[in-house]
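Observations on chain architecture
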Amino acid sequence: MRKDKKNVSKNIPNGRTLQTRDENFYGQSNYNKPGYENKGDYRKVVVIDSNDLDDLAVVKLTTSNKGITLTYSNGKSKFKPYVETLDDTGKPIRIGEKFKANSPRKDLSKADVSKIKKEVFTNSRTGNANRRKTRNMKSRK
């Protein structure tokens, strides 16, 4: 297979961090995080996969004690093992008005993304749903 035929984005690398709000995710359009009603894009997410149409599969980063800890070169973060591929209107997640890209300095390394992917795809509770969402995003059967 030729390299230019891979089903990944040429513009957005895995590990890119984005800023958004919780209500921009599918099924959470009515959710307003208490205390953050008037604040900007407070939720950080990391891109773990993409397709050649620049649709993204992302994982939310959190500060909750229930999150899975990830130590990386720029510091320490936690994530929950849920992959998100749709925005609040049911359309694919793309960089734009709702999802703003952070500077490349804040990207996670390929090794960090691999750790996250391994956890979210093999998690006993959420792994099957995460794999299904990612396959749908990449238009696979």
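Structural data are supplied above this passage.
Being a predicted model, the structure only gives us computed values, none of them experimental.

With that out of the way, let us pick up the side chain of Thr20. Mapped onto the elements, Thr20 comes out in strand 1 (residues 17-20). Within the structure, Thr20 has its side chain in polar contact with the backbone oxygen of Lys98 (distance 2.8 Å). Among all residues touching Thr20, those that are not within four sequence positions of it are Phe25, Asp41, Tyr42, Arg43, Val45, Lys98 and Phe99.

All right, on to the layout of surface pockets then. Its volume calculated, the largest pocket comes out at about 240 Å³. Taken together, Lys33, Tyr36, Tyr42, Arg43, Lys44, Leu61, Thr62, Thr63, Ser64 and Ser77 form the lining of the largest pocket. Those elements that place two or more of their residues in the lining of the largest pocket are strand 2 (43-50) and strand 3 (56-62). Across the lining of the largest pocket, the residue classes tally to three nonpolar, four polar and three charged. Val8, Ser9, Ile12, Pro13, Asn14, Ser50, Lys110, Val113, Ser114 and Lys117 are the residues that line the second largest pocket. By residue class, the composition of the lining of the second largest pocket is four nonpolar, four polar and two charged.

Glancing now at the pattern of salt bridges. Per the counting criterion, the structure on display carries nine salt bridges. Among the ionic pairs, Arg43 bridges to Asp22, the shortest N-O distance being 2.7 Å. Residue Arg43 is found in strand 2, and its partner Asp22 is found in the loop between strand 1 and strand 2; the two are separated by 21 residues along the sequence. Residue classification places Arg43 among the buried positions, given a relative accessible area of 13%.

What counts and how
Residues numbered from 1 in each chain as written. Predicted model: local features only at pLDDT ≥ 70, side-chain atom pairs only at ≥ 80, totals over all residues. Heavy atoms only, no water. Helix = DSSP H or I, 4+ residues; strand = E, 2+ residues; numbered from the N terminus. Polar contact = N/O pair within 3.5 Å; in protein donor to acceptor, adjacent residues only side chain to side chain. Contact = heavy atoms within 4.5 Å. 1 Å grid on protein atoms, 1.4 Å probe; cavity = no way out; pocket = protein on both sides within 12 Å on 5 of 7 lines; lining within 4 Å. Points joined across faces, edges and corners; volume = space filled by probe spheres on them. Nonpolar A, V, L, I, M, F, W, Y, C, P; charged D, E, K, R; others polar. Salt bridge = Lys/Arg side-chain N within 4 Å of Asp/Glu carboxyl O. Buried < 20%, exposed > 50% of the residue type's maximum accessible area, 1.4 Å probe, protein only.

Function cannot be inferred from these measures alone, as they are strictly geometric.
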